[in-house]
Amino acid sequence: MAETALLPWTQRVANVRKTLGREPTLAEMLRLCAMHQMPEPEVQAQAASWARAGERSKR
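## Some remarks on the overall build of the protein
- A count of helices and strands for the protein gives 3 helices and 0 strands.
- Its helices and strands taken in sequence order, the protein reads α-α-α from the N to the C terminus.
- A total of about 4,900 Å² of accessible surface is found on the protein, and carbon and sulfur atoms cover 59% of it.

## Section: the pattern of salt bridges
- Counted according to the given criterion, the structure contains 2 salt bridges.
- Salt-bridge contacts for glutamate 23 lead to arginine 17; the nearest nitrogen and oxygen are separated by 2.9 Å.
- Notably, a salt bridge pairs arginine 22 with glutamate 28, separated by 2.9 Å at the nearest N-O pair.

## Regarding the side chain of glutamate 28
- Structurally, glutamate 28 is set in helix H2 (residues 26-35).
- There is a polar contact of 2.9 Å between the side chain of glutamate 28 and the side chain of arginine 22.

## Quick notes on the packing of helix H1 (residues 9-20) against H2
- For the pair H1 and H2, interaxial distance at closest approach is 11 Å and the crossing angle is 135 degrees. The pairing of H1 with H2 is recorded here as oblique in orientation. Considering only the axes of H1 and H2, their crossing is right-handed. Residues Trp9, Arg12, Val13, Val16 and Leu20 of H1 touch H2, and the partners they reach there are Glu28, Met29, Leu32 and Cys33.
- Across the contact of H1 with H2, the residue classes break down as 7 nonpolar, no polar and 2 charged.

Rules behind the numbers
- Residues numbered from 1 in each chain as written.
- Predicted model: local features only at pLDDT ≥ 70, side-chain atom pairs only at ≥ 80, totals over all residues.
- Heavy atoms only, no water.
- Helix = DSSP H or I, 4+ residues; strand = E, 2+ residues; numbered from the N terminus.
- Areas by Shrake-Rupley, 256 points an atom, 1.4 Å probe, with all protein chains shown as cover.
- Salt bridge = Lys/Arg side-chain N within 4 Å of Asp/Glu carboxyl O.
- Polar contact = N/O pair within 3.5 Å; in protein donor to acceptor, adjacent residues only side chain to side chain.
- Axes fitted to C-alpha atoms, helices over the stretch in contact; angles between N-to-C directions.
- Parallel < 35°, antiparallel > 145°, perpendicular 65-115°, else oblique.
- Left-handed = near helix turned anticlockwise from the far one by under 90°.
- Contact = heavy atoms within 4.5 Å.
- Nonpolar A, V, L, I, M, F, W, Y, C, P; charged D, E, K, R; others polar.

Below is the structure:
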């Protein structure tokens, strides 16, 4: 799993599924999560999601 490009989480998980030929275990997903670095579009999308959630909680 030593990729040089930053992949979105969904693509990274899809690659692991393809490589393993099965669903990853919880331990494998936690290891993958620890190594994951979000690309800028994913950071922006998550920030927007958090902002929307914050606005809803103020209502």
